[in-house]
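Here's the letter readout for the chains.
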Amino acid sequence: MGAQGGRRPREGCELFEHGADVGVRGWGPDRARAFARAALALTAVVTDPARVRPLAPVVIHCEAPDDELLLVDWLNALIWHMATLNMLFSRFDVRIEDHRLSATVWGERVDPERHRPAVEPKAATMTELAVRREADGRWVAQCVVDV
Amino acid sequence: MDPRQFERIDATTWRFPAQGRMRVPAVIHATEPLLREMDDKVLEQLCNVATLPGIVEAAYAMPDAHWGYGFPIGGVAAFDPDEGGVVSAGGVGFDISCGVRTHLTGLDRKTVERIRDRLADELFRTVPAGLGRRGRIRLTDRQMDAMLAGGAAWAVSQGWGEPEDLERIEEHGCMKGAEPDAVSRRAGERQREEMGTLGSGNHYLEVQVVDRVCDPETAGAFGLREGEVVVTVHCGSRGLGHQIGTDYLREMALAAARHGIELPDRELACAPIRSELGRRYLGAMRAGINCALANRQIVAHLAREVFRRFFPGIRLPLLYDVSHNTCKEEVHEVQGRRRRLFVHRKGATRAFPPGHPDIPEPLRPWGQPVLIGGSMGTGSWVLAGTKPDGERAFASAVHGAGRAISRAEAVKTFRGERIVQELRERGITVRSVSMRGVAEEAPQAYKDVDAVVEAAERAGLARRVAHLRPMIVIKG
């Protein structure tokens, strides 16, 4: 996860507060790294990502008309794979060209005893949705997740 | 929220006049203290809803309203198809037809007290709860379509329940107009192993005792007797509903401009009721409602089977099953004229008044049961629909306590193990796979549900019938 206070590292992620739910935010030197870090924050909504072993790869592709919808599609694709494969992910290799994303993500099957999952993400939403380049050149990708 | 920005109509009705692109005013039903506590975002979101085409009368918020996605949670809005009205995937939300149902056991508290821990263990073992715990039910494509078309009626036909359960479920357990073909393959795949599962977050199965009766006549008609035990389930349409919401929210957001709709917030994604997309969403959303009705039916029947292991032959009749995330086609009188409207209730419960034809006959003289979930420490409420001086907010009422602090703050503030211990000392057994999940759902993380239902009663939305205190809490 990211730094608590002080100068932020070049790359990281955090959860932010939203009423009944929770927001995910990732940042990095480019869009792809910011998206990868937002994905790690999504795992952190469920469990400590350090508990998730990157054992099995899954390939994900998405395409959207703009950066923001691409982030929502990316996180929703992860949620769909988490639900249908009963997996959690902890390593994300993301490539983005224009508004097309290809990724290989690594994770393992949910083990309720070991992962102790807190909540199940229902969907990435368009609330507090933003993909932007900050003044210092870092990319930030964030939205609220319905849990 | 500052009450001074409203026109105060009466003690619990606050009106914000239409301005800018708003087509109707925003109206919040709440006591002054609850209004002051409310997030400013509720009014902002309500004003956005008031700009949508074909909205009728007002955009309403209930006393438990809080910041949601596009619509506030605790929001009610009705649209007229004859006036270009819309249906909104954002206005229904991701957990389509999330709701509550309560079964009567006829057992007294002491009888259940004697087996409390063993009963909790059996319920926790039998009803899959939380991420990663799957049900034993696997649906083929054909079974999936039958479930999406048939709802709880399908579940009963498969052996999960009793035929008489169906009369006590909204729409008699089967939402008409469902179109399984409008549900994506992705959504179906997400549901394949999730039938009969509770989910996580604020969803629960509780064994509760009726510890206070406010309206003895209505409570008697509902079968609620002080000191007796009931079983309540709170869950929704699981992965299928979440995926329908995800699919259509995106499609509606991208199609809004084509339909001539300017969205103040993309999350308010909607389409005209009389458009191909609007009709398709309604078909999918109704299939989502059937999935939720079937899911609650199965979960409750699994609980019933557990009770039968301890009390052979026990029936556990259903008091009622009611949803709080829906869009329903209903007839309402607006300024003396009866109109067919599409009523969105997002975190709001339908609350038909006494005599309404859609209430099961034995309950009809008393008003529709309105089941309100509180926190696991404070308890829940049974209310009844009412109409003291005309219908309010299209016959809608509150749905729960609403959060007081965020999940992140709750995890920082509370420890799950400590909460479980404290509740145990108060006679409440908690079974959950996740102590972090318990901390996120700590009783102190929720607003005072008693204040919320009192406000609902004062506002004429529903009247209090009985208070339920948990004995066993099963959470994901």
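Residues numbered from 1 in each chain as written. Chains lettered and ligands numbered in written order. Predicted model: local features only at pLDDT ≥ 70, side-chain atom pairs only at ≥ 80, totals over all residues. Heavy atoms only, no water.

Here the focus is the packing of aromatic side chains. Using the criterion set out here, one finds eight aromatic pairs over all chains in the structure. Here Tyr69 of chain B and Phe94 of chain B contribute two aromatic rings whose centre-to-centre distance is 6.3 Å and whose plane-to-plane angle is 75°, an arrangement assigned as edge-to-face. Here Tyr69 of chain B, found in the loop between strand 4 (55-66) and strand 5 (73-79), pairs with Phe94 of chain B, found in the loop between helix 3 (89-92) and strand 7 (99-108); they are 25 residues apart in sequence, far enough to count as distant. For the pair formed by Tyr69 of chain B and Phe94 of chain B, the shared burial category is buried. One aromatic cluster in this structure is built from Phe6, Trp14 and Phe16 of chain B. When the ring centre of Trp106 of chain A is taken as reference, the NZ or CZ atom of Arg91 of chain A above it lies at 3.9 Å. (Phe/Tyr/Trp six-rings, centres within 6.5 Å; stacked < 30°, edge-to-face > 60°. Helix = DSSP H or I, 4+ residues; strand = E, 2+ residues; numbered from the N terminus. Buried < 20%, exposed > 50% of the residue type's maximum accessible area, 1.4 Å probe, protein only. Lys NZ or Arg CZ within 6 Å of the ring centre and 35° of its normal.)

The next thing to look at is helix 9 (residues 238-255) of chain B. End to end, helix 9 of chain B covers 26 Å across 18 residues, agreeing with the expected 26 Å (1.5 Å per residue, within 8%). Counting buried positions over the 18 residues of helix 9 of chain B gives 15, a clear majority of the element. (Expected span 1.5 Å × (residues − 1).)

Right, let's talk about the environment of Arg132 of chain A for a bit. Residues and elements named next belong to chain A. Its place among the elements puts Arg132 in strand 7 (residues 130-133). Considered as a pair, Arg132 and Arg91 are 41 residues apart in the sequence and their alpha carbons are 23 Å apart. The residues contacting Arg132, other than those within four sequence positions of it, are Arg138, Trp139, Val140 and Gln142. In this structure the side chain of Arg132 is engaged in a polar contact, spanning 2.9 Å, whose partner is the side chain of Glu134. (Contact = heavy atoms within 4.5 Å. Polar contact = N/O pair within 3.5 Å; in protein donor to acceptor, adjacent residues only side chain to side chain.)

To continue, consider the sheet that holds strand 3 (residues 56-63) of chain A. Whether parallel or antiparallel, the strands of a sheet pair through hydrogen bonds between backbone atoms. All names here are of chain A. Read from one edge to the other, the open sheet built from three strands follows the order 3-5-4, with strand pairing classed as antiparallel. The strands lining the two open edges of the sheet, one partner per strand, are strand 3 and strand 4 (87-97). Between one strand axis and the next, the sheet turns by 20° as a mean value, whatever way the strands run. Sheet topology places strand 4 next to strand 5 (residues 100-109); 10 bridges connect them, and they run antiparallel. Looking across to strand 5, one finds that Val94 is bridged to Ala103. (Pairing = 2+ DSSP bridges. Axes fitted to C-alpha atoms, helices over the stretch in contact; angles between N-to-C directions.)

Attention now moves to the pairing of strand 9 (residues 228-235) of chain B. Within a regular strand, the side chains alternate between the two sheet faces. All names here are of chain B. The buried fraction of strand 9 is high, at eight of eight residues. Both faces of strand 9 are covered, namely the face carrying Glu228, Val230, Thr232 and His234 and the face carrying Val229, Val231, Val233 and Cys235. Looking at chain direction, strand 7 and strand 9 are connected through seven bridges and run antiparallel. Opposite Thr102, over in strand 9, you have Thr232 as the bridge partner. Looking at chain direction, strand 8 (residues 204-213) and strand 9 are connected through six bridges and run antiparallel. Bridge assignment links Val209 to a residue of strand 9, and that residue is Val229.

Take the interface of chain B and chain A next. Each partner contributes to the interface: chain B provides 42 residues, whereas chain A provides 43 residues. Here chain B packs against chain A, burying approximately 3,600 Å² in sum over the two surfaces, 54% of which is carbon and sulfur. Looking at the side of chain B facing chain A, the largest losses of area belong to Tyr69, Leu131 and Arg266 of chain B, adding up to 21% of the total buried there. Taken together, chain B and chain A are joined by five salt bridges. (Buried area = accessible area lost by both parts, 1.4 Å probe. Salt bridge = Lys/Arg side-chain N within 4 Å of Asp/Glu carboxyl O.)

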